[in-house]
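Listed here are the chains, written in short residue letters.
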Amino acid sequence: MVGSLSMVESSAAASGLEDPMPLSRAAMAPPEVHRVDVPPEISAFQCLKLRLREFLFPDDSFHQFKNQPFLKSLALALQYVFPIFAWGSDYTLSLLKSDVISGITIASLAIPQGISYAKLADLPPIVGLYSSFVPPLIYSALGSSRDLAVGPVSIASLVMGSMLREEVSPNKQPALFLQLAFTATFFAGVFQSSLGLLRLGFIVDFLSKPTLTGFMGGAAVIVSLQQLKGLLGIVHFTTRMGFIPVMQSVFRHEGEWAWQTVVMGLSFLAFLLIARHISLRRQKLFWVSAAAPLTSVILSTILSFVFKAPNHGIKTIGHLQKGLNPPSANMLDFEGTYLSLTIKTGIVTGILALTEGIAVGRTFASLKNYQIDGNKEMIAIGIMNIAGSCASCYVTTGSFSRSAVNYNAGSKTAASNIVMATAVLFTMLFLMPLFYYTPNVILSAIIIAAVIGLIDVKGALRLWKLDKLDFLACMSAFFGVLLISVQMGLAIAVTRPNTVVLGNIPGTNTYRSVAQYREATRMPSFLILGIESPIYFTNSMYVQERILRWAREEEERITKLDENPLKCIILDMAAVTDIDTSGVEVLKELKKILNERSLEASVSYRHYNLKFESLVSNLLDMSEKNDLQLVLVNPVGQVAQKLSQSGTWELFGSDRIFVTIGEAVAASACKVNV
C-alpha cells in the first residue's frame, strides 16, 4: 500500500489500562502499513548476467583465477576441469600403496557384482564387466570424490531392464534390447551432464530422503524376489516386477524347482550374509564381506566343474568373450519406434544413478572432512555414461557397497578406481574361460546379499518416531514399488512443496504454524498460508490445488463452527526464494478463481434472507462486502521483480501486497469490516 495510515490509539491504552483484546482492537483501527518496494529495474542484459552468475556459479568458482598470471591460470583451469591434475601433482608412493590395496579389494567385489547386475538388467554378463572398466577410468579423471567406487548398481539395473522389457523382449530380440540399453545409457549421460553444466541439480532433490528410503527398500525387495528364478532353478518365470505376479509365478512353477540348485544357492547365500554380518559387527574385518562374493564365485565354480553341475540341472554362465570393450557407437539409435522409450528410460535411470552417486559421495566426503562439488559430480557421471554407451557399457554410478569397501580399505584418491579398472581389464583379457562353469545361482545369491543392505529398517523406524507423515511417505513409496511398479514407486518418491496454516501467537505480532505451535490461533475471517519452497513449473499446479483445498477446508470448518465467513486468504511468500512463469500464472489464476468464488459465495450466503428483487438490486453491493481477497506478504526481491514485470503486481494492487502478516491482517480487516 502506498504511503502509511496513522494508528488510532484505543481508549484503554490512553487510560493506561491493559487492553484485554489488543489484536482485535488493533485490527479494527486504521493500521500503519509499510510500502512493499519493487527492486530497481535493470536492463535485460544485466539481469541475465546476474542470474547466470548466481545460478551457474553460486560458489564463485573463478575466484581462484583472479590476479593470476596466464600460465598459472591455465594450470588452475586444468585442475578445475580435471581434478586428477590437482591430486596427481602431490601423489606419493605411500598414497599409491593405499590405493592399490583398496583398488584390488573393490575389484574382488566389482567383478562378481558386475556380472550379476548385468543379468539383472537382462544384458549379457560380459557387459557388466565392460561397465566396470571404462567408466571408472573416466571418473578418476573427472570426479571430485576420493572414495566413490564406480560401476553398475542394482536399482538402476533393475529399472533399466524393467522399462525396456515393457516393449522389447531380451530373449526374443537380444540384439535390439542391447542396442536400446546403450542408447538409453547415452541419454542418461546427456541428461546427467546437462544438469551439472546448467546447475540444475535441484531436480534430483525432488527425491526426498524419506520417500527415497521407501523406494530403495521396495526396489531391493523386488530385486531379491526376482532372484528366486535363479535361486530355485525355475525356467519359466514372469517378466513382471510386482510382488503378487512374482509370487504367483514362483508357486505356479513349483514343479520346476531343482533341489540341487536350491541347496547350493541357500548355502552360499548364508555364507555371504554371515560374512556381511561379521563386517558390520567389526569394521576392521571389512575385507571379509568384500572378498566373500569372489570367494563364492571361485568355490562354486570349482564345485560345479568337479561334480559336473550342468548334468545335475544347475545352469552355468557359459562362454564369455575375451578381450577389451568393443565399440558400440554404431549401435546408438536416435531414430525409429523406440526413441521415446530410450529417452524416458535414460532420464529415469539417470536421476536414480545421480541420486545414489552424489549421496554416496557426500556421505564419505563428510566422514573424511572434505567437500565434493555436486555439479562436477553430475558432469563426471554424465560424461562417463556418454563415453560408456560408445564402449559397450550401460548405466553406471557410484555404488554404496563398493564405496564403503573402498573407504574401509583406506583409499586416498580416485586412483583406486584406476587400480580396480586394471584388475577388471586383466580379468577380461585372461580369466574369462574360468567363468564358464560358474553357476547362475551364485549370481542370484550375490545380488540378494548386496541389495539387503538397501533395506533401511532403522531409518524407517526413525522416521516413525520423528515424523509420522514422512513415515507415511516412505511406506507409500515402498508399497508403490512392491505392489504396482518401480516407476510408480519413483513417482511417489517425488516430493511436493510444503504449505502450512499460520496463526497468531497471543500477545505478539508473530505468526507461526498452527500445527507446530498449539498456542497459535487462527484469525477470524482470515486464512493465512505459508508456502515453504520456490514455485516452479514442476510444482505450480500442486501449489494451486493445495491452496484451493485449504480454502475449501477452511470454509467447511467455519460453517461447522458457525464462525464469520472467510473474507481473506493471505499467502506468506517469505520462503518463496524464486518463481518462474508458471508460478506467476498460478497466482493470477488463483486470484481469478477466488474472485469468482467470492461472487458465488455472496449469493449463496445471503440468498435465503433476501427477496428476488432485493437480491438482484444488491448483488454488486454484496459482492463488494463479501469479496474473498487474495493478499501477498513479503515477496522477496527476485519474486517481487517478476511479479512487477509480468503485470501481476498491478493486477493485485499495492494495497494487497504487504511487508508483514500483521500489517496485512490489520489493513485487510479494515477493508472487509471484520
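Predicted model only: the values in this text are computed from it and were never measured.

A. Representation of the overall build of the protein in the model. Scanning the protein from terminus to terminus reveals 30 helices and eight strands. Residue burial in the protein is summarised as follows: out of 674 residues, 50% are buried. Of the roughly 32,600 Å² of accessible surface on the protein, a fraction of 62% belongs to carbon and sulfur atoms.

B. Main features of unusual backbone geometry. The residue K308 is not glycine, and still its phi comes out positive at about 50°. Structurally, K308 can be placed in the loop between helix 15 (286-306) and helix 16 (339-367). A positive phi angle, near 65°, is found at S392, a position not held by glycine. Structurally, S392 is set in the loop between helix 17 (374-389) and strand 2 (397-398).

C. Seen up close, the pairing of strand 5 (residues 526-531). With six of six residues buried, strand 5 lies mostly within the body of the structure. On strand 5, burial covers both faces: F526, I528 and G530 on one face and L527, L529 and I531 on the other are all buried. Looking at chain direction, strand 3 (residues 499-504) and strand 5 are connected through four bridges and run antiparallel. Within strand 5, the position partnered with T499 by the bridge is I531. Across five bridges, strand 5 lies against strand 6 (residues 568-572) in parallel orientation. Note that in strand 6 the partner of L527 across the bridge is I569.

D. View of the UniProt feature "transmembrane region" (unreviewed entry) in the protein. As recorded in UniProt, the sites labelled "transmembrane region" (unreviewed entry) are residues 176-195, 257-274, 286-307, 418-436, 442-464 and 471-494. Taken end to end, residues 176-195 comprises 100% helix and 0% strand; its first and last C-alpha atoms sit 29 Å apart. Strand forms 0% of residues 442-464 and helix 78%; the C-alpha atoms that close the span are 36 Å apart.

E. Here's a closer look at the sheet that holds strand 5. With mixed pairing, six strands are arranged side by side in an open sheet as 4-3-5-6-7-8. The sheet is open, and its two edges are formed by strand 4 (511-513) and strand 8 (657-658), each paired on a single side.

F. Layout of the pattern of salt bridges. As enumerated under the stated definition, the model contains nine salt bridges in all. The salt bridge involving E556 is made with R552; its shortest N-O contact spans 3.8 Å. With E556 and R552 both in helix 24 (residues 540-561), this residue pair falls four residues apart, about one helical turn. Looking at E556, the relative accessible area reads 47%, which means it is partly exposed. For E554, the salt bridge goes to R557, with nearest N and O atoms at 2.8 Å. Here the residue E554 and the residue R557 both occupy positions in helix 24, the gap between them amounting to three residues, near one helical turn. Note on E554: relative accessible area 4%, which makes it buried.

G. View of the packing of aromatic side chains. For the coordinates displayed, the defined rule picks out 13 aromatic pairs. With 6.1 Å between their ring centres and 90° between their planes, F82 and F85 make a pair best called edge-to-face. Residues F251 and W257 carry aromatic rings whose centres are separated by 6.3 Å and whose planes lie at 50° to one another, so their mutual orientation is tilted. For W257, a relative accessible area of 34% gives the class partly exposed. Taken together through their ring pairs, the aromatic side chains of F186, F187 and F334 make up a single cluster. Between the NZ or CZ atom of R146 and the centre of the ring of Y370, over which it lies, the distance is 4.0 Å.

H. Seen up close, the packing of helix 16 against helix 17. Contact geometry for helix 16 and helix 17: axes closest at 10 Å, N-to-C directions at 130°. In this view, helix 16 runs oblique relative to helix 17, as classed from their interaxial angle. Read as a crossing pair, helix 16 and helix 17 show a hand that is right-handed. Taken together, the residues of helix 17 that come into contact with helix 16 (itself represented by L354, G357, I358 and R362) are G374, E377, M378 and I381. The residue inventory of the contact of helix 16 with helix 17, partitioned by class, reads four nonpolar, two polar and two charged.

I. Up close: helix 17. For helix 17, built from 16 residues, the straight-helix expectation of 22 Å at 1.5 Å per residue is met to within 8% by its first-to-last C-alpha distance of 23 Å. With 12 of its 16 residues buried, helix 17 lies for the most part within the structure. For helix 17, the full list of buried residues reads G374, N375, K376, E377, M378, A380, I381, G382, M384, N385, G388 and S389. As for helix 17, its buried residues are in contact with helix 4 (70-81), helix 8 (134-142), strand 1 (150-151), helix 10 (174-197), helix 16 and strand 2.

J. Local environment of the side chain of T213. If you trace the backbone, T213 turns up in helix 11 (residues 209-226). Given a relative accessible area of 12%, T213 falls into the buried group. Not counting the four nearest positions on each side in its chain, T213 is found in contact with D456 and C474.

K. Highlighting the pairing of strand 6. Across the five residues that make up strand 6, a large majority, five, are buried. Judged by which residues are buried, strand 6 turns out to be covered on both faces: C568, I570 and D572 on one side and I569 and L571 on the other are all buried. Bridge count for strand 6 against strand 7 (residues 629-633) is five bridges, and the pairing is parallel. For C568, the partnering residue across the bridge sits in strand 7 and is Q629.

L. Region of interest: helix 4. Relative to the 16 Å expected for 12 residues at 1.5 Å per residue, helix 4 spans 16 Å between its end C-alpha atoms, a close match to the ideal helical length. All of the buried residues along helix 4 are S73, L76 and Y80. The arc that holds every buried residue of helix 4, seen down its axis, measures 65°, which confines them to one face. Buried residues in helix 4 make contact with helix 17.

M. Here's a closer look at the nonpolar core. Grouped together as the largest cluster of nonpolar side chains are 106 residues, with contacts concentrated most on L123, L129, I155, F215 and Y394. For this core, the leading source of residues is helix 10, giving 11 residues. Aside from chain neighbours lying at most four places away, what touches I155 is F215, M216, A219, A220, L352 and L454. Counting 32 residues, the second-largest nonpolar core is a separate cluster that includes V501, L571, L590 and A640.

Thresholds applied
Residues numbered from 1 in each chain as written. Predicted model: local features only at pLDDT ≥ 70, side-chain atom pairs only at ≥ 80, totals over all residues. Heavy atoms only, no water. Helix = DSSP H or I, 4+ residues; strand = E, 2+ residues; numbered from the N terminus. Buried < 20%, exposed > 50% of the residue type's maximum accessible area, 1.4 Å probe, protein only. Areas by Shrake-Rupley, 256 points an atom, 1.4 Å probe, with all protein chains shown as cover. Pairing = 2+ DSSP bridges. UniProt positions renumbered as here; feature names shortened; annotations may be inferred. Salt bridge = Lys/Arg side-chain N within 4 Å of Asp/Glu carboxyl O. Phe/Tyr/Trp six-rings, centres within 6.5 Å; stacked < 30°, edge-to-face > 60°. Lys NZ or Arg CZ within 6 Å of the ring centre and 35° of its normal. Axes fitted to C-alpha atoms, helices over the stretch in contact; angles between N-to-C directions. Parallel < 35°, antiparallel > 145°, perpendicular 65-115°, else oblique. Left-handed = near helix turned anticlockwise from the far one by under 90°. Contact = heavy atoms within 4.5 Å. Nonpolar A, V, L, I, M, F, W, Y, C, P; charged D, E, K, R; others polar. Expected span 1.5 Å × (residues − 1). Arc of directions from axis to C-beta. Core = buried A, V, L, I, M, F, W, Y, C linked by side-chain atoms within 4.5 Å.

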